[in-house]
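# Chain and residue survey
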Amino acid sequence: MDDHGATRTPQEDFRALLRAQRVWDTGGAPLPAFDPATAPGDPLTLFHRWFAQAVAAHQPEPHTMTLATTDERGRPDVRTLMLHDADERGWHFASHATSRKGRQLAARPEAALGFYWPAQARAVRLRGPVRTTPPADAAADLHARSTGALAAALVGRQSDVLGSPEELAEASRTAWERARRDPVAEAPTWTAYILVPDEVEFFQGEERRRHVRLRYRRDGAWVRELLWP
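Our subject in this report is the structure included herewith. (Residues numbered from 1 in each chain as written. Predicted model: local features only at pLDDT ≥ 70, side-chain atom pairs only at ≥ 80, totals over all residues. Heavy atoms only, no water.)

### Structural notes on the overall build of the chain
Of regular secondary structure, the chain possesses six helices and 10 strands. Projected onto the principal axes, the alpha-carbon positions of the chain cover approximately 60 × 55 × 40 Å. Counting the 229 residues in the chain, one finds 35% classified as buried. When the accessible surface of the chain is summed, it comes to about 13900 Å², and 54% of that surface belongs to carbon and sulfur atoms. The chain carries 31 positive and 31 negative side-chain charges, and their two centres are separated by 3 Å. (Helix = DSSP H or I, 4+ residues; strand = E, 2+ residues; numbered from the N terminus. Buried < 20%, exposed > 50% of the residue type's maximum accessible area, 1.4 Å probe, protein only. Areas by Shrake-Rupley, 256 points an atom, 1.4 Å probe, with all protein chains shown as cover. Lys, Arg positive; Asp, Glu negative; His and termini not counted. Charge placed at Lys NZ, Arg CZ, Asp CG, Glu CD.)

This is the structure:
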């Protein structure tokens, strides 16, 4: 019911709940300042700095990101996954080559990544071409992770239609047993990818909505540009 005792519809309940949500609930801490004039000359250095600050601010799962790809008809697709590394080669992630995103990247090897760190009212987005690394690199990355990660990779069949929960439970049980028994087991379709950005944008929120947007654009060397919020 609303304040006048009238019964609200489920849609009205949803809208009321939606509008009651706060933006950038930092627990009372002030938003960090960001002076783009002091930003480094390359986006990787700033990303490393912001990532460390997100961790220090207790941002949950700061290594999670969204990955956007397009299918064969040019329709966008998006999902959440983990960052595996960010170095001078680019931003690293992994998946099965046979998954939906793997197939889309094989057909159209370009993508976009997005990070959102509300604990500091910050976001980072990147886009550019994507390339694969040698299979040995993908195997080394997988085997450096947890038993659960290896078991999930051994299950495979990502994005395929699942017949029943029981089918998944049996496949998962078998994969966990194999991962424990053979911690260097191979997952042939597991593939490591690197997004090589030609554009990286850093967003810093501000209480009066005078947000700072700094874009790095590759034009031979990195060019820095401020954007209107």
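### What about the packing of aromatic side chains?
Working definition: an aromatic ring pair is given by the centre-to-centre distance plus the angle between the planes. According to the stated counting rule, one finds 12 aromatic pairs in the structure shown. Where Phe51 meets Trp117, the ring centres are 6.2 Å apart and the plane angle is 70°; that geometry is what we call edge-to-face. With Phe51 in helix 2 (residues 43-56) and Trp117 in strand 5 (residues 110-117), this pair connects stretches of sequence that are 66 residues apart. Between Phe115 and Trp117, the aromatic rings sit 5.8 Å apart at their centres with planes inclined by 45°, giving tilted as the arrangement. (Phe/Tyr/Trp six-rings, centres within 6.5 Å; stacked < 30°, edge-to-face > 60°.)

### Quick look at the side chain of Glu199
Within the secondary structure layout, Glu199 lies in strand 8 (residues 199-204). The contacts of Glu199, once residues within four sequence positions are left out, are Arg125, Leu126, Arg127, Arg215, Tyr216 and Trp222. (Contact = heavy atoms within 4.5 Å.)

### Section: the pairing of strand 9 (residues 212-219)
Summarising the sheet, strand 8 and strand 9 pair through six bridges and their orientation is antiparallel. By the bridge assignment, Gln204 is partnered in strand 9 with Val212. When strand 9 meets strand 10 (residues 221-227), the two strands line up antiparallel, connected through seven bridges. Its bridge partner lying in strand 10, Arg217 is registered against Val223. Count of turn residues in the strand 9/strand 10 antiparallel hairpin: one residue, of which Gly220 carries a positive phi of about 80°. (Pairing = 2+ DSSP bridges.)

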